[in-house]
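Each chain is listed here by its residues.
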Amino acid sequence: MSGLDVLFLAVGLLTAGSGLLAVTSRNVLHAALWLVVALGGLAGCYLVLGAELVALVQLLVYVGAVVVLILFALMLTRSGGVPAVTSRSQRGAAAVVGAGTTVLIGGSLVAAFGWGAVEVDGPSSMDVAAGIFEAYVWPFELLSALLLLALVAAVAIARAPVGGRDAPSARPDAPPDVVDQQGGAP
């Protein structure tokens, strides 16, 4: 075994362990944070395999966007500390389905390609980067502006009083001077 094999095994075990903790965590916020570690470990696996562009996209898209969106939604709804409510039978069924899917995909890959290395043909990282940053740079920029607008709108909606019935002093994020003026408690 070479050093890269040992490194891949270590990062793979870290990824599998954090993925297992993400699935079995009873706290939604902890599950999201373990998901960050699992997706980051997967990017490390790609990096060890020599797929630097895929590792970067994994970090940017999944860790940098999807997980941050999940954490942001948890913060907006203030439901990060809520425990996940599942029965033992649901968790057992999920474990059986997950193990079956793993065996099915792994068996299919081994049957199709065997245990040896597979040569991959396709465009180089330079060709992909040229396509993204030359031809498709404006759609990416427009999409980022749209996502930023949606983020600002989500914050505005989450902070607005519901139907005008919420007094500013009853809000958990009310400044102390508003609480003192209106006589409410946060």
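Attention here is on the structure that accompanies the text. Remember, it's a predicted structure, so these values are computed and weren't measured experimentally.

With that settled, the discussion passes to the overall build of the chain. A count of helices and strands for the chain gives seven helices and zero strands. Helices and strands in the chain line up, N terminus first, as α-α-α-α-α-α-α. Per-residue burial over the chain gives 15% buried out of 186 residues. Expressed as a percentage of contacts within the chain between residues at least 6 apart in sequence, the contacts between residues at least 24 apart total 53%. As displayed, the chain offers around 13500 Å² of accessible surface, 73% of which is attributable to carbon and sulfur atoms.

The space that makes up the largest pocket amounts to roughly 900 Å³. For the largest pocket, the lining is made up of 28 residues, of which Leu60, Val61, Ala65, Leu143 and Leu147 are closest to its centre. Mapped by element, the contributors of at least two residues to the lining of the largest pocket are helix H3 (52-77), helix H5 (125-135) and helix H6 (137-159). In terms of residue count, H3 provides more of the lining of the largest pocket than any other element does, 13 residues in total. Taken as a whole, the second largest pocket holds about 690 Å³ of empty space. Taken together, 17 residues line the second largest pocket, and the ones lying closest to its centre are Leu20, Val23, Ala94, Gly98 and Ala99. Within the residue set of the lining of the second largest pocket, elements represented by two or more residues are helix H1 (3-24) and helix H4 (88-113). Per-element tally for the lining of the second largest pocket: the top contributor is H4, with nine residues. Broken down by class, the residue content of the lining of the second largest pocket amounts to seven nonpolar, eight polar and two charged.

With that settled, the discussion passes to the nonpolar core. Within the largest apolar cluster, six residues are counted, these being Ala32, Leu39, Val63, Val67, Leu71 and Leu74. Here valine 67 is in contact with Ala32, Leu35, Val36, Leu39 and Tyr62, once residues within four sequence places are set aside.

Together, Leu56, Val57, Leu60, Val61, Tyr62, Val66 and Ile70 give the surface a local cluster of nonpolar side chains, amounting to about 570 Å² of exposed area. Position of valine 66 among the secondary structure elements: in helix H3.

Further remarks concern H1. Taking 1.5 Å of rise per residue, 22 residues should cover 32 Å, and H1 covers 32 Å from first to last C-alpha, within 8% of that figure. Of the positions making up H1, those classed as buried are Val11, Thr15, Ser18 and Ala22. The buried residues of H1 occupy an angular sector of 75° when the element is viewed end-on, so they sit on one face. Turned more than 90 degrees off the buried face of H1, the exposed positions are Leu13, Leu20 and Val23. Packing partners of the buried residues in H1 comprise helix H2 (28-48).

Scoring rules and cut-offs
- Residues numbered from 1 in each chain as written.
- Predicted model: local features only at pLDDT ≥ 70, side-chain atom pairs only at ≥ 80, totals over all residues.
- Heavy atoms only, no water.
- Helix = DSSP H or I, 4+ residues; strand = E, 2+ residues; numbered from the N terminus.
- Buried < 20%, exposed > 50% of the residue type's maximum accessible area, 1.4 Å probe, protein only.
- Contact = heavy atoms within 4.5 Å.
- Areas by Shrake-Rupley, 256 points an atom, 1.4 Å probe, with all protein chains shown as cover.
- 1 Å grid on protein atoms, 1.4 Å probe; cavity = no way out; pocket = protein on both sides within 12 Å on 5 of 7 lines; lining within 4 Å.
- Points joined across faces, edges and corners; volume = space filled by probe spheres on them.
- Nonpolar A, V, L, I, M, F, W, Y, C, P; charged D, E, K, R; others polar.
- Core = buried A, V, L, I, M, F, W, Y, C linked by side-chain atoms within 4.5 Å.
- Patch = residues over 30% accessible without salt bridge, like charges linked within 9 Å, V, L, I, M, F, W, Y side chains within 5 Å.
- Salt bridge = Lys/Arg side-chain N within 4 Å of Asp/Glu carboxyl O.
- Expected span 1.5 Å × (residues − 1).
- Arc of directions from axis to C-beta.

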